[in-house]
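Understanding the architecture of this molecule
What follows is the residue order along each chain.
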2 protein chains.
Amino acid sequence: MEPKHAHAPTVTIENFHPSLGASNYLIKRVIDEPLDVYADAFTDGHIIMCTLLKWHKAGDTRWTESPMRPMENDRWQGRCSFPSAGRWEYAVESWADSWLTWRKHFKAKFDANDPELRIEAREGAKLLDQTARRARTAGASSSSTELLELADMLRRLPPGELIDVIMGDDLQLIMERFPDRSLSTTSEVFQVVVERERARFSAWYEFFPRSAEGRADRHSTFRDCLARLDDAKSMGFDVIYFPPIHPIGVTHRKGKNNTLVALSGDVGSPWAIGSAHGGHRAVEPALGTVEDFEWLVGEARQRGLEIALDFAINCSPDHPYVKEHPGWFHQREDGSIRYAENPPKKYQDIYPINFHCEDWKSLWRELIDVVLFWVERGVKIFRVDNPHTKPVSFWEVLIAEVQAKDPDVLFLAEAFTKPRMMQGLGKIGFSQSYTYFTWRESKHELTEYANELTQGDMRWYYRGNFWPNTPDILPHHLQHAGAPSFKVRAALAALLVPSWGIYSGYELCENQPLPGREEYLDSEKYEVKGRDWNAPGNIKGFIRELNRARQDNRALQLYDNLKFHHCGHDQIIVFSKVTPDFSNRTLVVINLNPHDTASAMVELEMGALGLAHDATYRVRDLIHGGGYQWQGASNFVSLDPRGAFMHLFRIEL
Amino acid sequence: MEPKHAHAPTVTIENFHPSLGASNYLIKRVIDEPLDVYADAFTDGHIIMCTLLKWHKAGDTRWTESPMRPMENDRWQGRCSFPSAGRWEYAVESWADSWLTWRKHFKAKFDANDPELRIEAREGAKLLDQTARRARTAGASSSSTELLELADMLRRLPPGELIDVIMGDDLQLIMERFPDRSLSTTSEVFQVVVERERARFSAWYEFFPRSAEGRADRHSTFRDCLARLDDAKSMGFDVIYFPPIHPIGVTHRKGKNNTLVALSGDVGSPWAIGSAHGGHRAVEPALGTVEDFEWLVGEARQRGLEIALDFAINCSPDHPYVKEHPGWFHQREDGSIRYAENPPKKYQDIYPINFHCEDWKSLWRELIDVVLFWVERGVKIFRVDNPHTKPVSFWEVLIAEVQAKDPDVLFLAEAFTKPRMMQGLGKIGFSQSYTYFTWRESKHELTEYANELTQGDMRWYYRGNFWPNTPDILPHHLQHAGAPSFKVRAALAALLVPSWGIYSGYELCENQPLPGREEYLDSEKYEVKGRDWNAPGNIKGFIRELNRARQDNRALQLYDNLKFHHCGHDQIIVFSKVTPDFSNRTLVVINLNPHDTASAMVELEMGALGLAHDATYRVRDLIHGGGYQWQGASNFVSLDPRGAFMHLFRIEL
């Protein structure tokens, strides 16, 4: 017999919701976002239990506490929220409450006119004495005095004169402040990562700084990027994401359109990092200097923008690490270093890192320090390239350490791989994640996938960031239908979830693919691009309206409030997003078909909108202006791809 | 940066099935019963993984291992079983396999006629060298030599002469035996409690030894119980369960029919334990001595029966503990000891124990020693009275300690309370549990409840034991319909699950209730009962047939193989139990209505029976003899409460 505690556990506390299944997994919140916690707590015997939720910043010794509410079948519910960014913890504490149990029994005996009430009253007096002692220890001397006086009353007066005091709220309020928790049980502790609101609500604009001026004949620099920043700002974006800005390797540099041999003047892929000019702490000389970059970060900040860097752990054969730390790479039998491959394919311009090499501790230290280097230079968001090809445990350590230094730093996982890995990266701490949205086309696919992300267990740890395109991906559905398809996909990305992003050129409806592929022709990854940033037919105005509506409507800034509504037409998708208090209610109706007009009745779940089933209400279109008087659940819409192909309604009464 | 392991974790292993949600919860198995374990295991990069399930008896350092099978989406499946009773552990270990990955890459490069194959072959040779070293360490010197020779070949011969050897099964078989697990990751460890088969398959017969002879005028003794044992044996029972056999208290002893004042000669309730004759280590003198009891245990054993004792932690005011350890009870303000109550109700013949008193460690020690005392006297099964009114942690410690001393000891929880507590007692180790079966009457209720127990997560930790009656419960449905209702309820209890039991008198269809209550009139709890154990109208023959069929049909001895089939008639319930290999297939059809004949088509799910949808098969009735030639899913039945009210079919081809 070896009980583990000073007293044996008295309460079983289990079946937590949410629960991610492992003690190192992190539930995500943004600052002040409430978290509802459910747990079963039960004990033996016929007693009254008290259960509370308690939470604190990891490392603190004191807890904030709040009582949990009993529900059916031993289930309890409590709510907490976290006022600052960082790692937090919560737990549930529960005990059989001797005062409440005594009080209930005293009342029952009083009602039954029990002859032993005087003894019972004396037992109550003892509980008051003990509570008085706890009150005094807690510094509440007036409560303590009051309790001692009441205890004295309980010992002196007949039960008939006591019952109102005993059952009264005044006494109960004091007793609740100083309960006897000496036999309480505390549950396991859950971890929460709390981040600033941008972790949940963000609009990203990706561009290659070397193409900032849109001149194919000239490599732009950081100093040339202000116009791009201003343009992104006017479209309503708040995060500017740059592909890697580091020196680009020369050995085995790729040519235009990913050819194996670079011609003179070919600029190479920014993801082949490292040259004689330095590695992950340096910048490509053609872009300028670290100081130039810092200047640009400051310029962005003044505009209310922030610059996100790409953290790509790819080393070109010319990276300084190769000479300084050959042990960090995979050695081959002939003494050479193993380049990346997926046999029979070879990627000779990239040397993968051996994360489990003998010297792994100094390797991990260095990579974490690289991130901290850029954090010190003002970068607070990192888009992480292919995190799924590096150890999950590495990211867990890196994110924890960086956020311990600066909890405002956010990480976006660019993992397009199997579901468990994508989920796992979210569970150990990535703030946001790329998703399969890019390939979800039909109403059924979109509904199912958006529900999986925002309504299932993933909502606790995985914040999907929706991108209609990336430098690597020009999906089929954008290749053939021009601006209407770009608008549909932008609207879906921007409105289904609170974080979305585009890779530049999207606003110009660029849609020339490599023949038969879902990739761009003349990919910007391998060349400086010429562009007219205000080319005719652009959809910058539409994007601006989308982002403005997101800024103006709190409901569009939340993640797990997505609700699909029925529409019999298989090309019309209908969803609402409302705030929990119904103070802001948005309703989105989109014709997914970029070619043909679609008309149908939409069938709203009125309860989800906080409306009576027969309510009359106004829907105001935030994109196209105007609006309608609607009544009840069934209302008619007609959506023309060449005009109002969608409605973004605000519901007003 | 503070990684916890010598190397950082390389594989994420999670989402276990089964999983009970807390590290101290025990998955249940009986000896040699297979356990299928599922888990997700994934890692970074394009490698081939190996994953294995490993298990051992708790405390052992060596593991038994078996490879897990990859399924879709990083899920793996493995199977283990446990050859002896006791606590076992299992875990999953997984790693990126350098040999298999190299082999796949070599093949791809070979097929692509890669010019660097010679270097690759040398890298393979290095892997063979390393494997040879592991083989030698493991004492497999001939394998080691063979591998070194092959390594030499790989270094010397051209790839074209190597490919068959490299891809061959011979080499693979050796390599699999000595994999490089230096970078493997092992999951959390799961606990299993393995018990003898009786934990799953048992038939209980409860009788009061003081009424063994059926003479109201005479208190029977242990020495008078042989006829009862023989009768129970002939009915096919294997566990004889006695209510508490200890000295019965005198103070506040209850009279017949639970009256507050006992008359002279009233024998009292066996659950009010303790008198001047002793406490939980003593026996009621009117029953005999501890030696008499041990003699009876031996007689039972010779008959293939075992005797289960009631472990009821109730102390009468006369229990020796009251004087010796007043601190183990709840003290009142007037110095008296608090009796049991549920205000305003009082139970003055019982003093409840204070499990969290100051001296709790010696209290728990003593109670565990009481159980061990009876274990030493040959008792290997305990029916625990009201475990839900004592701390769950107490039972956890008690069961662990008793089973560590003797893993053959089984515990049946008599908890009729809210679901979480009943489940919790199962999770921490009770071998079997009472259930709500007693009050589940309709086809819908029975189906839903039996499915909940045997098909949901409860099947991993909760073995329901079905009782149609107990000394406390004579349910309404047994009070008015005579023998047919007793037969229906016996058949349901005996066939839905592999453990069932009756309280004696059931076989005589005793059904006199306290008016308006679900309790027995003249309850045997408070008096010695007179009975004709062979009274006319008894159903002993039917019970014998039920238990015989259970003995003869392995499918009826399993717990989680229950499958309900459709029948349009709402009084006809249809279920099958088959062995996983279909070597034994039973099909049960019962008319729940004890008054009227019911006829209908039953609709079988043929796949669940291992039958083709149009199969022709024979169903042989194990209760009534005879049988039918059936074909396909739909077949006719007609069930008469006065005759063949049910079929217990064995399916034969």
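What counts as what
Residues numbered from 1 in each chain as written. Chains lettered and ligands numbered in written order. Predicted model: local features only at pLDDT ≥ 70, side-chain atom pairs only at ≥ 80, totals over all residues. Heavy atoms only, no water. Pairing = 2+ DSSP bridges. Helix = DSSP H or I, 4+ residues; strand = E, 2+ residues; numbered from the N terminus. Axes fitted to C-alpha atoms, helices over the stretch in contact; angles between N-to-C directions. Contact = heavy atoms within 4.5 Å. Core = buried A, V, L, I, M, F, W, Y, C linked by side-chain atoms within 4.5 Å. Buried < 20%, exposed > 50% of the residue type's maximum accessible area, 1.4 Å probe, protein only. Expected span 1.5 Å × (residues − 1). Patch = residues over 30% accessible without salt bridge, like charges linked within 9 Å, V, L, I, M, F, W, Y side chains within 5 Å. Areas by Shrake-Rupley, 256 points an atom, 1.4 Å probe, with all protein chains shown as cover. Salt bridge = Lys/Arg side-chain N within 4 Å of Asp/Glu carboxyl O. Lys, Arg positive; Asp, Glu negative; His and termini not counted. Charge placed at Lys NZ, Arg CZ, Asp CG, Glu CD. Polar contact = N/O pair within 3.5 Å; in protein donor to acceptor, adjacent residues only side chain to side chain. Least-squares fit on C-alpha atoms with pLDDT ≥ 70 in both. Phe/Tyr/Trp six-rings, centres within 6.5 Å; stacked < 30°, edge-to-face > 60°. Lys NZ or Arg CZ within 6 Å of the ring centre and 35° of its normal. Disulfide = S-S within 2.5 Å. pLDDT = per-residue confidence, 0-100. Parallel < 35°, antiparallel > 145°, perpendicular 65-115°, else oblique. Nonpolar A, V, L, I, M, F, W, Y, C, P; charged D, E, K, R; others polar. Buried area = accessible area lost by both parts, 1.4 Å probe.

**Considerations on the sheet that holds strand β21 (residues 572–578) of chain B**
Residues and elements named next belong to chain B. With respect to topology, eight strands assemble into an open sheet ordered β25-β24-β27-β22-β21-β20-β23-β26, the strand pairing being antiparallel. Each edge of the sheet is formed by a strand with only one pairing partner; in this case those strands are β25 (627–631) and β26 (634–639). On average, adjacent strands in this sheet sit at an angle of 35° to one another, irrespective of strand direction. Bridging between strand β23 (residues 598–603) and β26 involves six bridges; their strand directions are antiparallel. Pairing of Ala598 across the sheet is with Leu639, part of β26. Its contacts with the sheet put helix α12 (residues 443–455) on β20 (562–567) and β21, and the angle it makes with β20 is roughly 155°. Against the sheet, helix α13 (residues 482–496) contacts β20, β21, β22 (585–591) and β27 (646–652), and its axis sits at roughly 30° relative to β21.

**What about the nonpolar core?**
Phe242, Trp374, Trp395 and Ile590 of chain A are the most contacted members of the largest nonpolar core, which has 157 residues in total. Examining the composition of this core, we find that eleven residues originate from one element, helix α9 (residues 360–376) of chain A, more than from any other. Residue contacts for Phe242 of chain A: discarding those within four places in its chain leaves Phe207, Pro209, Phe222, Cys225, Phe293, Leu296, Ile307, Ala308, Leu309 and Asp310 of chain A. Counting residues in each nonpolar core, the second largest holds 155 residues, with Tyr321, Leu372, Cys509 and Ile539 of chain B among its members.

**Considering helix α12 (residues 443–455) of chain A**
In this model, α12 of chain A (13 residues) spans 17 Å end to end at C-alpha, consistent with the 18 Å of a helix rising 1.5 Å per residue. Turning to α12 of chain A, the residues buried within the fold contact α13 (482–496), β20 (562–567) and β21 (572–578) of chain A.

**Overview of the environment of Ala598 of chain A**
Residues and elements named next belong to chain A. Looking at the secondary structure, you find Ala598 in strand β23 (residues 598–603). Its relative accessible area of 1% is what places Ala598 among the buried residues. Distance from Ala598 to His569, taken between C-alpha atoms, is 7.7 Å for residues 29 residues apart in sequence. What Ala598 contacts, discounting residues up to four positions off in sequence, is His569, Ile572, Asn591, Val637, Ser638 and Leu639.

**Some points on a negative patch on the surface**
Residues and elements named next belong to chain A. On the surface, a cluster of negative charge is contributed by Glu146, Glu149, Asp169, Asp170 and Glu176. Residue assignment for the negative patch shows that the elements contributing at least two residues are α3 (141–156) and α5 (169–177). Positionally, Asp170 belongs in helix α5.

**A look at helix α1 (residues 98–111) of chain B**
Spanning 14 residues, α1 of chain B covers 20 Å between terminal C-alpha atoms, matching the ideal 20 Å at 1.5 Å per step. For α1 of chain B, the complete set of buried residues consists of Trp99, Leu100, Thr101, Trp102, Arg103, His105, Phe106, Ala108 and Lys109 of chain B. Elements in contact with the buried residues of α1 of chain B: β14 (340–342) of chain A together with β4 (49–57), α2 (117–137), α3 (141–156), α4 (163–167) and α5 (169–177) of chain B. Regarding α1 of chain B, its N-cap is Asp97 of chain B, as a side-chain oxygen of that residue lies 3.3 Å from the backbone nitrogen of Trp99 of chain B further along. Two residues or fewer past α1 of chain B, Asn113 of chain B is found with a positive phi of approximately 55°.

**As for the side chain of Arg332 of chain A**
Following the sequence through the fold, Arg332 of chain A ends up in the loop between α8 (320–324) and β14. Within the structure, Arg332 of chain A has its side chain in polar contact with the side chain of Glu120 of chain B (distance 2.8 Å). Every residue in contact with Arg332 of chain A, bar those within four places of it in the chain, is listed here: Ile337, Arg338 and Tyr339 of chain A together with Glu116, Ile119, Glu120 and Glu123 of chain B.

**Let's talk about unusual backbone geometry**
With the exception of glycine, the majority of residues adopt a negative phi angle, and the majority of peptide bonds are in the trans configuration. The omega angle of the peptide bond from Pro343 of chain A to Pro344 of chain A is 5°, so this bond is cis rather than trans. Looking at the element boundaries, Pro344 of chain A is found in the loop between β14 and β15 (345–347). Phi at Asp74 of chain A takes a positive value of approximately 65°, unusual for a residue other than glycine. By secondary structure assignment, the location of Asp74 of chain A is in the loop between β6 (69–70) and β7 (75–80). Given the relative accessible area of 11%, Asp74 of chain A is considered buried. For Asn258 of chain B, which is not a glycine, the phi torsion comes out positive at approximately 65°. Looking at the element boundaries, Asn258 of chain B is found in the loop between β12 (239–242) and α7 (290–302).

**Remarks on the relation of the copies chain A and chain B**
Its rotation angle being 180°, the transformation that places chain A on chain B also includes 0.0 Å of axial translation and leaves an RMSD of 0.0 Å. The relationship between the two copies is best expressed as a two-fold rotation axis. No C-alpha of chain A approaches the rotation axis more nearly than that of Gly21 of chain A, which lies at 4.0 Å. When the interface residues of chain A are mapped onto chain B, 100% of them are again interface residues, pointing to one common binding face.

**Some details on the packing of aromatic side chains**
Within this structure, the stated rule accounts for 80 aromatic pairs over all chains. Their ring planes at 75° and their centres at 6.3 Å tell us that Trp204 of chain B and Tyr241 of chain B sit as a pair that is edge-to-face. Pair noted here: Trp204 of chain B is in strand β11 (residues 202–206) and Tyr241 of chain B is in strand β12, with a separation of 37 residues, a long-range link. Here Trp204 of chain B matches Tyr241 of chain B in class, with each residue buried. Each residue in the set Tyr205, Phe207, Phe222, Phe237, Phe242, Phe293, Phe373, Trp374 and Trp500 of chain A is aromatic and connected to the rest through ring pairs, giving one cluster. The positively charged end of Lys525 of chain B is found above the aromatic ring belonging to Trp271 of chain B, 5.6 Å away from the centroid.

**Section: the pattern of salt bridges**
Side chains carrying opposite charge are able to pair once their charged atoms draw close together. Summed over the entire model, instances satisfying the criterion amount to 112 salt bridges over all chains. The salt bridge partner of Arg531 of chain A is Glu510 of chain A, with a shortest N-O separation of 2.5 Å. Note that Arg531 of chain A is positioned in the loop between β19 (499–503) and α14 (540–552) and Glu510 of chain A in the loop between β19 and α14, a separation of 21 residues in sequence. Look at Arg531 of chain A and you get buried, because its relative accessible area is 10%. The partner of Arg228 of chain B in a salt bridge is Asp231 of chain B, and the shortest N-O contact between them spans 2.5 Å. Separated by three residues within a single helix, Arg228 of chain B and Asp231 of chain B lie in helix α6 (residues 226–235), roughly one turn from each other. Here the residues in one salt-bridge network are Lys109, Asp114, Glu116, Glu120 and Glu123 of chain A together with Arg332, Arg338, Glu341 and Lys346 of chain B, joined through shared partners.

**A closer look at the state of the cysteines**
All names here are of chain A. This structure, assessed with the given rule, holds zero disulfides over all chains. The structure places no disulfide on Cys50, whose sulfur is separated from the nearest cysteine sulfur, that of Cys80, by 19 Å. Residue Cys50 is classed as buried on the basis of its relative accessible area of 19%.

**Here's the deal with the confidence of the model for chain A**
All names here are of chain A. The predicted model of chain A has a mean per-residue pLDDT of 96, with 99% of residues at 70 or higher. Note on residues 1–5: pLDDT is under 50 here. Beyond four places in sequence and across chains, it has nine contacts. Our summary of model confidence lists the complex with pTM equal to 0.95 and ipTM equal to 0.94.

**Section: the packing of α1 of chain B against α5 of chain B**
Residues and elements named next belong to chain B. As a packed pair, α1 and α5 sit with axes 10 Å apart at the nearest point and diverge in direction by 155°. Between α1 and α5, the angle falls in the class roughly antiparallel. When α1 is examined against α5, the residues Trp99, Leu100 and Arg103 are found in contact with a partner set consisting of Leu171, Gln172 and Met175. Partitioning the contact of α1 with α5 into residue classes produces four nonpolar, one polar and one charged.

**Notes on the sheet that holds β11 of chain B**
Residues and elements named next belong to chain B. The strand order across the open sheet built from seven strands is β18-β17-β16-β13-β12-β11-β19, with neighbouring strands paired in parallel fashion. Each edge of the open sheet is held by one strand with a lone partner, namely β18 (432–433) and β19 (499–503). Across the sheet, helix α9 (residues 360–376) is in contact with β13 (306–311), β16 (381–385) and β17 (410–414); its angle to β13 comes to roughly 165°.

**Here we look at the pairing of strand β10 (residues 190–195) of chain A**
All names here are of chain A. Of all the six residues making up β10, five are buried; the element is thus mostly covered by neighbouring parts of the structure. Note: strand β2 (residues 26–30) against β10, five bridges, orientation parallel. Across the sheet, the residue bridging to Val30 is Glu195, located in β10. Where strand β8 (residues 86–96) meets β10, five bridges bridge the pair, whose relative direction is antiparallel.

**Quick look at the interface of chain A and chain B**
Counting from both sides, the interface comprises 63 residues of chain A and, opposite them, 63 residues of chain B. Buried surface at the junction of chain A and chain B, both sides included, amounts to about 5,600 Å², of which 52% is carbon and sulfur. The tally of links between chain A and chain B comes to 22 salt bridges. Of the charged contacts, one joins Lys109 of chain B and Glu341 of chain A as a salt bridge, the two residues approaching to 2.8 Å between their closest N and O atoms. The tally of links between chain A and chain B comes to 26 residue pairs in polar contact (both at pLDDT 80 or more).

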